[in-house]
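Descriptive analysis of the structure
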Amino acid sequence: PGRLLGAGYTLEGATILYGRLTGKAITLTNVPLSFSTAIAASLVPAISEANSKGNTKELKKRIQTGIKITTLIALPSAIGIYILSNPIIHLLWGSKEAGGDILKVLAGNILFIAIAQTLTAILQGLNKAFVPVKNLFLGVIVKIIVSYFLLATHLNIVGAVVGSICGYIIVVILNYREVKKSISLTIPLKNVVLKPIFATIIMSIIVVFTFDYGLVILQHENLATIIAIFFGIFSYGGTTFLMGVDY
């Protein structure tokens with residue numbers, strides 16, 4: 001809020017914007033991130049065991065599986081929240097509530113935070129616990145610098161979100177580079193990247209169509225939002241199943 005005050009916002013205005021970010025947007029993005037946190041927690045002992053036994057083949061397999069599951073969960077979550085940002089805010093806090101614009105941008109950070117958490121767990125399992133701490137510190141520096149300049153622009157509080165995204169992108173890049181250097185890791189693009197992207201595209205089309213059509217038929221935004229969410233979940237799960245993606 002201090003930077004917003006320095007940019008000319010009133011105390012009330014700055015507090016409202018900060019509340020929309022921390023009380024609404026971050027709260028909602030923490031829901032899918034709780035799954036990635038659980039994945040990261042389970043990865044540490046699994047990676048550590050394979051590493052201690054010197055089983056490189058199993059080690060790479062577990063790392064690839066961890067990254068794949070993270071992507072399969074985080075990517076559709078990010079896109080789904082992006083598409084339905086305003087309706088979700090209205091569903092949970094009321095039709096007159098704002099904050100969807102902040103949530104829309106913050107949704108993009110779900111994927112980067114989730115992958116960063118998974119890569120951090122992998123590095124911990126490889127007995128390189130200090131490396132992700134160092135990388136996170138560098139990411140925080142980037143976040144602070146970007147946020148400082150963007151908060152004073154027309155982006156206001158969204159500038160802090162962009163700063164956070166930039167910071168986590170740096171963390172992901174640095175962590176992945178360290179993992180790749182440690183075990184010569186190769187990510188199978190078809191299963192880890194292309195299939196989740198294709199399934200997410202199908203899901204997005206169905207969510208948009210279902211919400212728009214449901215809104216016209218039902219004339220009730222909340223019901224249309226709930227139906228669109230369920231259709232999105234089932235369509236994504238069905239598409240990944242038909243493509244032979246195993247979780």
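Throughout what follows, the structure given in this document is the object of discussion. (Residues numbered from 1 in each chain as written. Predicted model: local features only at pLDDT ≥ 70, side-chain atom pairs only at ≥ 80, totals over all residues. Heavy atoms only, no water.)

Our focus in this paragraph is the packing of helix H2 (residues 11-52) against helix H4 (residues 85-93). Running from N to C, H2 and H4 point in directions that differ by 110°, and their axes come no closer than 12 Å. When the axes of H2 and H4 are compared, the pair comes out roughly perpendicular. Residues Gly23, Lys24 and Leu28 of H2 form the contact with H4, whose own contacting residues are Ile88, Ile89, Leu92 and Trp93. A class-by-class count of the residues in the contact of H2 with H4 yields five nonpolar, one polar and one charged. (Axes fitted to C-alpha atoms, helices over the stretch in contact; angles between N-to-C directions. Helix = DSSP H or I, 4+ residues; strand = E, 2+ residues; numbered from the N terminus. Parallel < 35°, antiparallel > 145°, perpendicular 65-115°, else oblique. Contact = heavy atoms within 4.5 Å. Nonpolar A, V, L, I, M, F, W, Y, C, P; charged D, E, K, R; others polar.)

Applying the stated criterion across every chain, the model contains two aromatic pairs. With a centroid separation of 5.5 Å and 90° between ring planes, the pair formed by Tyr148 and Phe149 is classed as edge-to-face. Residue Tyr148 is classed as partly exposed on the basis of its relative accessible area of 44%. Under the relative-accessibility criterion, Phe149 is labelled exposed at 54%. Measuring from centroid to centroid gives 5.6 Å for Phe209 and Tyr213, while their planes differ by 5°, and the two rings are stacked. Separated by four residues within a single helix, Phe209 and Tyr213 lie in helix H9 (residues 189-218), roughly one turn from each other. (Phe/Tyr/Trp six-rings, centres within 6.5 Å; stacked < 30°, edge-to-face > 60°. Buried < 20%, exposed > 50% of the residue type's maximum accessible area, 1.4 Å probe, protein only.)

Let's shift gears to the nonpolar core. The biggest cluster of nonpolar side chains holds 59 residues, and the ones touching the most others in it are Ile63, Ile67 and Ile122. Mapped by element, the contributors of at least two residues to this core are H2, helix H3 (56-83), H4, helix H5 (100-106), helix H6 (108-125), helix H8 (158-183), H9 and helix H10 (221-242). Non-local contacts of Ile122, meaning those with residues more than four positions away in its chain, are made with Leu43, Ile47, Ile63, Ile67 and Val179. (Core = buried A, V, L, I, M, F, W, Y, C linked by side-chain atoms within 4.5 Å.)

The subject of this paragraph is unusual backbone geometry. Positive phi, normally seen in glycine, also occurs at Asn156, with a value near 45°. Among the secondary structure elements, Asn156 is positioned in the loop between helix H7 (130-150) and H8. Judged by relative accessible area, Asn156 falls into the buried class, the value being 15%. The phi angle at Ser184 is positive, at roughly 55°, despite the residue not being glycine. Relative to the elements of secondary structure, Ser184 occurs in the loop between H8 and H9. For Ser184, a relative accessible area of 52% corresponds to the exposed category.

Next up on the list: the pattern of salt bridges. By the definition in use, this model includes six salt bridges. The partner of Arg62 in a salt bridge is Glu49, and the shortest N-O contact between them spans 3.3 Å. You can see Arg62 sitting in helix H3 and its partner Glu49 sitting in helix H2, a full 13 residues away along the chain. The exposure class of Arg62 is partly exposed, given its relative accessible area of 23%. Using a relative accessible area of 36% as the deciding quantity, one classes Glu49 as partly exposed. Put simply, Glu178 and Lys128 hold a salt bridge, and the shortest N to O gap is 3.0 Å. You can see Glu178 sitting in helix H8 and its partner Lys128 sitting in the loop between H6 and H7, a full 50 residues away along the chain. Taken together, the shared-partner salt bridges connect Glu49, Lys53, Glu58 and Arg62 into one network. (Salt bridge = Lys/Arg side-chain N within 4 Å of Asp/Glu carboxyl O.)

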